Amino acid sequence: KQEVTQIPAALSVPEGENLVLNCSFTDSAIYNLQWFRQDPGKGLTSLLLIQSSQREQTSGRLNASLDKSSGRSTLYIAASQPGDSATYLCAPRGDYKLSFGAGTTVTVRA
Amino acid sequence: ETGVTQSPTHLIKTRGQQVTLRCSSQSGHNTVSWYQQALGQGPQFIFQYYREEENGRGNFPPRFSGLQFPNYSSELNVNALELDDSALYLCASSLIPGAVQETQYFGPGTRLLVL
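Everything numeric here is computed off the predicted structure, so don't read it as measured data.

The rules behind each value
Residues numbered from 1 in each chain as written. Chains lettered and ligands numbered in written order. Predicted model: local features only at pLDDT ≥ 70, side-chain atom pairs only at ≥ 80, totals over all residues. Heavy atoms only, no water. Helix = DSSP H or I, 4+ residues; strand = E, 2+ residues; numbered from the N terminus. Rg over C-alpha atoms; globule rule 2.2 N^0.38 Å. Buried < 20%, exposed > 50% of the residue type's maximum accessible area, 1.4 Å probe, protein only. Contact = heavy atoms within 4.5 Å. Disulfide = S-S within 2.5 Å. Buried area = accessible area lost by both parts, 1.4 Å probe. Salt bridge = Lys/Arg side-chain N within 4 Å of Asp/Glu carboxyl O. Polar contact = N/O pair within 3.5 Å; in protein donor to acceptor, adjacent residues only side chain to side chain. Nonpolar A, V, L, I, M, F, W, Y, C, P; charged D, E, K, R; others polar. Pairing = 2+ DSSP bridges.

Some words on the overall build of chain B
So, step 1. Within chain B one finds 0 helices and 11 strands.
So, step 2. Starting at the N terminus and walking to the C terminus, you meet the elements of chain B as β-β-β-β-β-β-β-β-β-β-β.
So, step 3. Its C-alpha atoms give chain B a radius of gyration of 13 Å, within 12% of the compact-globule value 13 Å for 115 residues.
So, step 4. If you line up chain B on its principal axes, its C-alpha atoms span 40 × 30 × 25 Å.
So, step 5. Burial statistics for chain B: of 115 residues in total, 49% are counted as buried.
So, step 6. In chain B, the share of contacts with a sequence separation of at least 24, taken over all contacts with a separation of at least 6, comes to 54%.

Next comes the structure, spelled out in structure tokens:
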């Protein structure tokens, strides 16, 4: 069974600071890994997808890395803004499902 | 291109009742997955449907059942509701299940409260 852990559980930073969100997973037999953003009480918005053969993926201020053999992924958010405040979830994909951790709740202070 | 939609947005039921939640896939997507997200936790996989057939199931009892229709929309049915079924129910659609480039796109969710 895939176990996903996200550290830290919560993070509060001043605007402009770079964010580093960590994700670890126990089963390295994955097809890909997605990072999502979730606003309170809302659905999930896909941010990035990293295929199992890739090491890195970038979209604007977001950069995600994947080390499949060690079961780790990291999401970097550059120059954080108050609008980045949300819960961030990582989800490695196994045979047919995504497995989720509890997420990291980020607060960016203006 | 329309995104994933879900109905209703909120629902209140009492213990023992039955509920049906609905999901319309993103245009062109043939796969729907359902997830349950309890407060403060990450989503948990319930099951997936691909071209109207169940393609995989998580650790949920048989009273959680589903359907996928020829237009790839989907229903989640829960019988004999329990208090612990209170959660946000999310559906996600995708194309080419199992492909390394498969991206799952989520709907806004249905918030179910069981009293």
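A closer look at the state of the cysteines
One covalent bond between the sulfur atoms of two cysteine residues makes up a disulfide.
Residues and elements named next belong to chain A.
So, step 1. Summed over the entire model, instances satisfying the criterion amount to 2 disulfides over all chains.
So, step 2. Here Cys 23 pairs with Cys 90 through a disulfide, and the sulfurs are 1.9 Å apart. Sign of the S-S torsion, about 65° for the bond between Cys 23 and Cys 90, identifies this disulfide as right-handed. Taken as a pair, Cys 23 in strand S3 (residues 19-25) and Cys 90 in strand S9 (residues 86-93) lie far apart in primary sequence, 67 residues in all. Across the pair, exposure class does not vary: Cys 23 and Cys 90 are buried alike.

Quick notes on the interface of chain B and chain A
So, step 1. In this complex, chain B contributes 25 residues to the contact, which on the side of chain A involves 22 residues.
So, step 2. For the pair chain B and chain A, the summed buried surface comes to about 1700 Å²; carbon and sulfur atoms form 53% of the total.
So, step 3. In this assembly, chain B and chain A are joined by 1 salt bridge.
So, step 4. The tally of links between chain B and chain A comes to 6 residue pairs in polar contact (both at pLDDT 80 or more).
So, step 5. Those elements giving two or more residues to the side of chain B that touches chain A turn out to be strand S4 (31-37), strand S5 (44-50), strand S6 (53-57) and strand S9 (87-94) of chain B.
So, step 6. By residue number, the principal contributor to the side of chain B that touches chain A is S6(B), which donates 3 residues.
So, step 7. Its residues placed into classes, the side of chain B that touches chain A shows 10 nonpolar, 12 polar and 3 charged.

Structural notes on the environment of A:Ala29
Residue and element names in this part refer to chain A.
So, step 1. One can find Ala 29 in the loop between S3 and strand S4 (32-38).
So, step 2. The class for Ala 29 is exposed, based on a relative accessible area of 54%.
So, step 3. In the structure, Ala 29 is positioned 65 residues away from Gly 94 in sequence and 6.8 Å away in space, judged by C-alpha atoms.

Re the pairing of S9(A)
Residue and element names in this part refer to chain A.
So, step 1. Among the 8 residues in S9, 8 count as buried, and that is most of the element.
So, step 2. By the alternation rule, side chains of S9 split into Ala 86, Tyr 88, Cys 90 and Pro 92 and Thr 87, Leu 89, Ala 91 and Arg 93, which are all buried.
So, step 3. Strand direction decides the pairing type here: S4 and S9, joined by 7 bridges, are antiparallel. Bridging across to S9, Leu 33 finds its partner in Pro 92.

On their own, these measurements won't tell you what the molecule is for.
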